[in-house]
Amino acid sequence: MQSCFSVVLLALIAWALWSTGFWLVQRADWSVVSGNLPLFAIGSYPEASRWRPILWLGSLLLLTLFTLAQPLLLRRGIGLNSTILSWSWLLMMPLGLWLLAGGGVLDPVPSRLWGGLVLTLLLTVFSGVIALPLGVLLALGRCSELTTARQLSKIYIDGMRAVPLIAVLFFGQLLLPLFLPVQIEINRVLRAVVAFGLFAAAYVAEDVRGGLQAVPPTQSEAAAALGLGPWQIQRLVILPQALRIAVPALTNQAVGLLQNTSLMAILGLVELLGISQSLLANPAYIGRHLEVYVWLAALYWLLCTAMALMARQFERQDPSNLIATRRS
């Protein structure tokens, strides 16, 4: 009986794979994707300046490939140390913002023209820049012996985790401008980044708190015996170990943040899902929903897989190599 069930299950899996492959190769009309690749990548960015977001996307792709190939390159003696690689990633953020927004020698481009993959990555990266340090501070506050700091951190974390993300985004995009004076106008992309960052910080704080609690108390005792102060112990001994322990959980938060940017399509920002919805509203692409959503699923899968692989590579890195790199 068990053998018959296994044979039937394998036959169903084989049939599903064959049907999916046949549809992908023979029946699907991918013109809706191939004919709109620039739109998926950069949205409605001005044609004369499209080289700017394309340059940023190309730089991110090359840096991602170089990061993933870093172990192989180091064996051949042509890789970069972790410090240079970290600074390269950090410089990608101001570089991308400058290329997209303009300024100086570049013509300014309003954020309402940003869209597609560029906007998705921008929301994810800058929201993470806000969420990570704020989450670390909240985690330290919740583990603090100071009653005020502990209670305030607990209220923020529990309160933000009790509110749906879409409610926070609605408040930031639709309600917040009603409370501001008429002469004050906050950029829509900036409002979205702040809303995502504040929301994700509560979840990051709990992940970091788990890492802090996983560090053995003997680490603090040994550091104190060496004469280090409380802040030095946290900064040099406890926090690096806690962040390393929390890498898998923080990776999940980063992946979730990337996927949650699709909610901005409901509120008018044309990221990847917003671009897809605008294309499917075109009468020329009626009936092409499945191709578009399969393409989106594949693109999100590639992005999330790249993030997971880079996080796993960082997690497996030998701590002694990191210390040696910092000293050099």
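Residues numbered from 1 in each chain as written. Predicted model: local features only at pLDDT ≥ 70, side-chain atom pairs only at ≥ 80, totals over all residues. Heavy atoms only, no water.

What to know about the overall build of the protein
Logical step 1: The secondary structure content of the protein amounts to 16 helices and 0 strands.
Logical step 2: For the C-alpha atoms alone, the extent of the protein along its principal axes is close to 70 × 70 × 45 Å.
Logical step 3: Within the protein, buried positions represent 36% of all 328 residues.
Logical step 4: Across the protein, the 20 positively charged side chains and the 13 negatively charged ones have centroids separated by 4 Å. (Helix = DSSP H or I, 4+ residues; strand = E, 2+ residues; numbered from the N terminus. Buried < 20%, exposed > 50% of the residue type's maximum accessible area, 1.4 Å probe, protein only. Lys, Arg positive; Asp, Glu negative; His and termini not counted. Charge placed at Lys NZ, Arg CZ, Asp CG, Glu CD.)

Considering the environment of Gly102
Logical step 1: Among the secondary structure elements, Gly102 is positioned in the loop between helix H6 (82–101) and helix H7 (116–142).
Logical step 2: Judged by relative accessible area, Gly102 falls into the buried class, the value being 17%.

What to know about the packing of H7 against helix H10 (residues 188–214)
Logical step 1: At their nearest, the axes of H7 and H10 sit 5 Å apart, and the two run at 45° to each other. By the angle class used here, H7 and H10 are oblique. The chirality of how H7 crosses H10 is right-handed.
Logical step 2: Class assignment of the residues belonging to the contact of H7 with H10 gives a composition of 24 nonpolar, 3 polar and 3 charged. (Axes fitted to C-alpha atoms, helices over the stretch in contact; angles between N-to-C directions. Parallel < 35°, antiparallel > 145°, perpendicular 65-115°, else oblique. Left-handed = near helix turned anticlockwise from the far one by under 90°. Nonpolar A, V, L, I, M, F, W, Y, C, P; charged D, E, K, R; others polar.)

Structural notes on the layout of surface pockets
Logical step 1: Approximately 590 Å³ is the volume found for the second largest pocket.
Logical step 2: Looking at the second largest pocket, it is lined by 18 residues, and the ones nearest its centre are Leu140, Cys143, Ser144, Pro230 and Gln234.
Logical step 3: Contributing elements (two or more residues each) for the lining of the second largest pocket: H7, helix H11 (217–225) and helix H12 (230–245).
Logical step 4: At 5 residues, the largest contribution of residues to the lining of the second largest pocket is made by H12. (1 Å grid on protein atoms, 1.4 Å probe; cavity = no way out; pocket = protein on both sides within 12 Å on 5 of 7 lines; lining within 4 Å. Points joined across faces, edges and corners; volume = space filled by probe spheres on them.)

What about the packing of aromatic side chains?
Logical step 1: In this structure the tally under the stated criterion is 4 aromatic pairs.
Logical step 2: A ring pair is formed by Trp23 and Trp30, whose centres lie 5.9 Å apart and whose planes are at 70°; its orientation type is edge-to-face.
Logical step 3: Judged by relative accessible area, Trp30 falls into the partly exposed class, the value being 29%. (Phe/Tyr/Trp six-rings, centres within 6.5 Å; stacked < 30°, edge-to-face > 60°.)

A word on the side chain of Glu206
Logical step 1: Relative to the assigned elements, Glu206 resides in helix H10.
Logical step 2: With relative accessibility at 16%, the residue Glu206 sits in the buried group.

Considering the nonpolar core
Logical step 1: With 72 residues, the main nonpolar core has Trp56, Trp114, Val189 and Met264 as its most contacted residues.
Logical step 2: With 13 residues, the top contributor of residues to this core is H10.
Logical step 3: For Met264, the residues in contact, after removing those within four places along its chain, are Leu123, Leu169, Gln173, Ala192, Phe196, Leu269 and Glu271. (Core = buried A, V, L, I, M, F, W, Y, C linked by side-chain atoms within 4.5 Å. Contact = heavy atoms within 4.5 Å.)

A few points about the pattern of salt bridges
Logical step 1: Evaluation of the coordinates by the stated rule reveals 6 salt bridges.
Logical step 2: One salt bridge in this structure joins Arg142 and Asp158, with 3.6 Å as the shortest N-O distance. Taken together, the residues Arg142 in helix H7 and Asp158 in helix H8 (residues 147–161) connect sequence positions 16 residues apart.
Logical step 3: For Arg142, a relative accessible area of 17% translates into the label buried.
Logical step 4: Accessibility expressed as a relative area gives 31% for Asp158, which makes it partly exposed.
Logical step 5: One connected set of salt bridges, linked through shared partners, spans Arg142, Lys154, Asp158, Arg161, Glu206 and Arg209. (Salt bridge = Lys/Arg side-chain N within 4 Å of Asp/Glu carboxyl O.)

Side note on helix H13 (residues 247–260)
Logical step 1: Here H13 spans 20 Å end to end across 14 residues, near enough to the 20 Å set by a 1.5 Å rise per residue.
Logical step 2: Of all the positions in H13, only Val247, Leu250, Thr251, Val255, Gly256, Leu257 and Leu258 are classed as buried.
Logical step 3: On its buried face, H13 sits against H7, H10, H12 and helix H15 (289–316). (Expected span 1.5 Å × (residues − 1).)

Overview of a nonpolar patch on the surface
Logical step 1: There is a patch of nonpolar side chains on the surface, built from Phe170, Phe171, Leu174, Leu175, Leu178, Phe179 and Ile266 and spanning about 750 Å² of accessible area.
Logical step 2: Inspection of the secondary structure puts Leu174 in helix H9 (residues 165–179). (Patch = residues over 30% accessible without salt bridge, like charges linked within 9 Å, V, L, I, M, F, W, Y side chains within 5 Å. Areas by Shrake-Rupley, 256 points an atom, 1.4 Å probe, with all protein chains shown as cover.)

Some details on the packing of H9 against H10
Pairs of packed helices are described in terms of their axes, by the angle between the two and the distance that separates them.
Logical step 1: It is at 9 Å that the axes of H9 and H10 come closest, and there the two elements cross at 145°. Where H9 crosses over H10, the two elements pack in a sense that is right-handed. Across the interface between the two elements, Leu165, Val168, Leu169, Gly172, Gln173, Leu176 and Pro177 from H9 touch Arg188, Arg191, Ala192, Ala195, Phe196 and Phe199 from H10.
Logical step 2: Across the contact of H9 with H10, the residue classes break down as 9 nonpolar, 2 polar and 2 charged.

Here's the deal with the confidence of the model for the protein
In regions of low pLDDT, the predicted coordinates are not meant to be interpreted in detail.
Logical step 1: Averaged over every residue, the pLDDT of the protein is 85; the share at 70 or more is 93%.
Logical step 2: Ignoring residues within four places in sequence, the model shows residues 318–328, a span with pLDDT below 50, making 8 contacts including any to other chains. (pLDDT = per-residue confidence, 0-100.)

Regarding helix H4 (residues 51–68)
Logical step 1: Taking 1.5 Å of rise per residue, the 18 residues of H4 would be expected to cover 26 Å, and the 25 Å separating its terminal C-alpha atoms lies within 8% of that figure.
Logical step 2: Every buried residue of H4 is listed here: Arg52, Pro53, Trp56, Leu57, Ser59, Leu60, Leu63, Thr64 and Thr67. Projected down its long axis, H4 shows its buried positions confined to an angular sector of 160°, all on one face. When the buried face of H4 is taken as reference, the exposed residues oriented beyond 90 degrees from it are Leu61 and Leu62.
Logical step 3: Looking at the buried positions of H4, the neighbouring elements they touch are helix H3 (37–42), helix H5 (70–75), H6, H7 and H15. (Arc of directions from axis to C-beta.)

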